[in-house]
Amino acid sequence: MKWGFLTPAHILTLLLAAGMIAGVYYGIRNRSRRTQVWVLFLLSLWGIAAIVFNLLRWDSPLEYLPLHLCSINAMLLPFAVVTRNKQLGNLLLVWCLGALVALVMNHEMMGVELFSEAFAFYYFPHVFEFGIPLLLFKLKLVEKDPKCIGSTLSLTMAIYTLVHLCNKLINARCAAVGSGIRVNYMFSVSPTNPVVAMFYRLVPYEYWYMYMVLPIVAVYLLGVYAPQIHAAWGRSHGKGLRRGHAY
């Protein structure tokens, strides 16, 4: 059976993903911090396993370098879990959206067989790359801080720019030696699914068109950090009222 796109099998796997994330949360929410960290760390290794699998399984390692956003997420996720670093955790809170999009917009993988190795090493890493950053905050292992928005956006744009340069260098080198390989990590060169194709229609220039994601990210961040922003505004406003009352 093929995975498909918005087929009953695809929809079922999306529901299963939500169920797995919820199951992990309810399974460890009353456990010790040490246990929570160990469970999330072990689950985070799915992404590392997928990177190794893709590099060794297929015959074109240049096309499977860990330069997609989800692969970089996979490499950082174990460190985020172990260190519980606030900046890194808040960064992955945004990057986890990429894993969700990869699960929903699975156009490059919809032809794979369910229960195959290719499916397992795509599906489970993306499930946990999406779920673990959310669980870090839900379990209060990492502090959600809107002050990290600046570092999140700047790091994301810097890494995207570096990846685009890697795309150009790899493609130029492959063209020079007559190879048919053409990479498109982080989709900076051209769109590969209907969502990013929509961005390209608005801004038909490689690299720049993906910046159309920023307004979506801004709305997402406002929603994510709304309670913290409101609380900070309330504290600041309260102090101002108390100072005014002193006069």
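The preceding data block contains the structure.
Read on for an overview of the structure. (Residues numbered from 1 in each chain as written. Predicted model: local features only at pLDDT ≥ 70, side-chain atom pairs only at ≥ 80, totals over all residues. Heavy atoms only, no water.)

**Some thoughts on the overall build of the protein**
The cut-off we apply is this: Secondary structure elements are defined from DSSP: runs of H or I of at least 4 residues count as helices, runs of E of at least 2 residues count as strands, and each element is numbered from the N terminus. In short, Shrake-Rupley with a 1.4 Å probe defines the accessible areas, and a residue's cover is counted only from the protein chains shown. Just so you know, the count uses Lys and Arg for positive and Asp and Glu for negative, and it drops His and the chain ends. Working definition for charges: the position is that of NZ of Lys, CZ of Arg, CG of Asp or CD of Glu.
The secondary structure content of the protein amounts to 8 helices and 0 strands. In the protein, the succession of helices and strands from N to C terminus is α-α-α-α-α-α-α-α. The C-alpha extent of the protein, read off along each of the three principal axes, is 80 × 40 × 35 Å. Just so you have it, the protein exposes about 13800 Å², and 69% of that area is on carbon and sulfur atoms. Taken together, the 20 basic and 9 acidic charged side chains of the protein have centroids lying 18 Å from each other.

**Quick look at the environment of Leu91**
To keep it simple, the criterion reads: By the convention used here, residues are in contact when the closest approach between their heavy atoms is within 4.5 Å.
Secondary-structure assignment places Leu91 in helix α4 (residues 86-104). Spatially, the C-alpha atom of Leu91 lies 12 Å from that of Met157, the residues being 66 residues apart in sequence. Once residues within four sequence positions are removed from consideration, Leu91 is found in contact with Leu76, Thr152, Leu155 and Thr156.

**Brief notes about a nonpolar patch on the surface**
Our working rule: Patch membership is restricted to residues that have no salt bridge and whose relative accessible area is over 30%. Joining uses 9 Å for like charges and 5 Å for the nonpolar side chains Val, Leu, Ile, Met, Phe, Trp and Tyr. By convention in these notes, a salt bridge is any Lys or Arg side-chain nitrogen within 4 Å of a carboxyl oxygen on Asp or Glu.
Taken together, the side chains of Trp38, Leu42, Leu45, Ile48, Val52, Leu56 and Met75 present a nonpolar region at the surface, about 640 Å² in accessible area. Examining the composition of the nonpolar patch, we find that 6 residues originate from one element, helix α2 (residues 33-57), more than from any other.

**Some thoughts on the packing of aromatic side chains**
To be explicit about the condition: Classification of ring pairs uses Phe, Tyr and Trp, with its six-membered ring standing for Trp, and accepts pairs whose centres are within 6.5 Å; under 30 degrees between planes counts as stacked, over 60 as edge-to-face, and the remaining range as tilted. Here's how the labels work: a residue is buried when its accessible area is under 20% of the maximum for its type, exposed when over 50%, partly exposed in between, all with a 1.4 Å probe on protein chains only.
Summed over the entire model, instances satisfying the criterion amount to 18 aromatic pairs. Ring geometry for Phe53 against Phe121: centres 4.4 Å apart, planes inclined by 15°, an arrangement best described as stacked. In this pair, Phe53 sits in helix α2 while Phe121 sits in helix α5 (residues 117-138), placing the two residues 68 residues apart along the sequence. Since its relative accessible area comes to 12%, Phe53 is described here as buried.

**Here's the deal with the pattern of salt bridges**
Side-chain pairing between opposite charges can occur once the charged atoms of the two side chains come close. In total, this model carries 3 salt bridges according to the counting rule given. Of the charged contacts in the structure, one is a salt bridge between Lys2 and Glu113, with a shortest N-O distance of 3.3 Å. One end of the pair, Lys2, is in the segment before α1 (8-28); the other, Glu113, is in the loop between α4 and α5, and 111 residues separate them in sequence. On the basis of relative accessibility, which here comes to 48%, the residue Lys2 falls in the partly exposed class. With relative accessibility at 32%, the residue Glu113 sits in the partly exposed group. Glu206 is the salt-bridge partner of Lys168, the closest N and O atoms lying 2.8 Å from each other. With Lys168 in helix α6 (residues 149-176) and Glu206 in the loop between α7 (194-202) and α8 (214-246), this pair connects stretches of sequence that are 38 residues apart. Overall, the relative accessible area of 39% leaves Lys168 in the partly exposed class.

**Points about the packing of helix α3 (residues 69-83) against α4**
Note the following rule: For helices, the fitted axis covers only the stretch in contact; all axes are lines through C-alpha atoms, and the angles between them, taken along N-to-C directions, range from 0 to 180 degrees. Each angle is binned into one of four classes, with values under 35 degrees roughly parallel, values over 145 roughly antiparallel, values of 65 to 115 roughly perpendicular, and all other values oblique. Left-handed describes a crossing whose near helix is turned anticlockwise from the far helix through less than a right angle; right-handed describes the clockwise counterpart. Throughout this entry, Asp, Glu, Lys and Arg are counted as charged residues, while Ala, Val, Leu, Ile, Met, Phe, Trp, Tyr, Cys and Pro are counted as nonpolar. The remaining residues, Gly among them, count as polar.
At a minimum axis separation of 10 Å, α3 and α4 run at an interaxial angle of 140°. Relative to α4, the element α3 lies oblique. Judged by the twist between their axes, the crossing of α3 over α4 is left-handed. Residues Leu69, Cys70, Ile72, Asn73, Leu76, Leu77, Phe79 and Ala80 of α3 touch α4, and the partners they reach there are Leu88, Leu91, Leu92, Trp95, Cys96, Gly98, Ala99 and Ala102. Of the residues in the contact of α3 with α4, the class split is 14 nonpolar, 2 polar and no charged.

**Things to note about the layout of surface pockets**
Defined as follows: Of the grid points, spaced at 1 Å and generated over the protein atoms alone, those admitting a 1.4 Å probe that cannot get out make up cavities, while open sets with protein on both sides within 12 Å along at least five of seven lines make up pockets; any residue with an atom within 4 Å of a point is treated as lining. Grid points are joined across faces, edges and corners, and a volume is the space filled by probe spheres set on the points.
Here the second largest pocket defines a volume of roughly 170 Å³. Taken together, Ala9, Leu12, Thr13, Leu16, Leu114, Phe115, Phe119, Ala120, Tyr123 and Phe124 make up the lining of the second largest pocket. Put simply, the parts of the chain that give the lining of the second largest pocket at least two residues each are α1 and α5. Broken down by class, the residue content of the lining of the second largest pocket amounts to 9 nonpolar, 1 polar and no charged.

**Topic: the side chain of Asn106**
Positionally, Asn106 belongs in the loop between α4 and α5. Contact partners of Asn106, with chain neighbours within four places excluded, come to Trp3, Gly4, Phe5, His10 and Tyr122.

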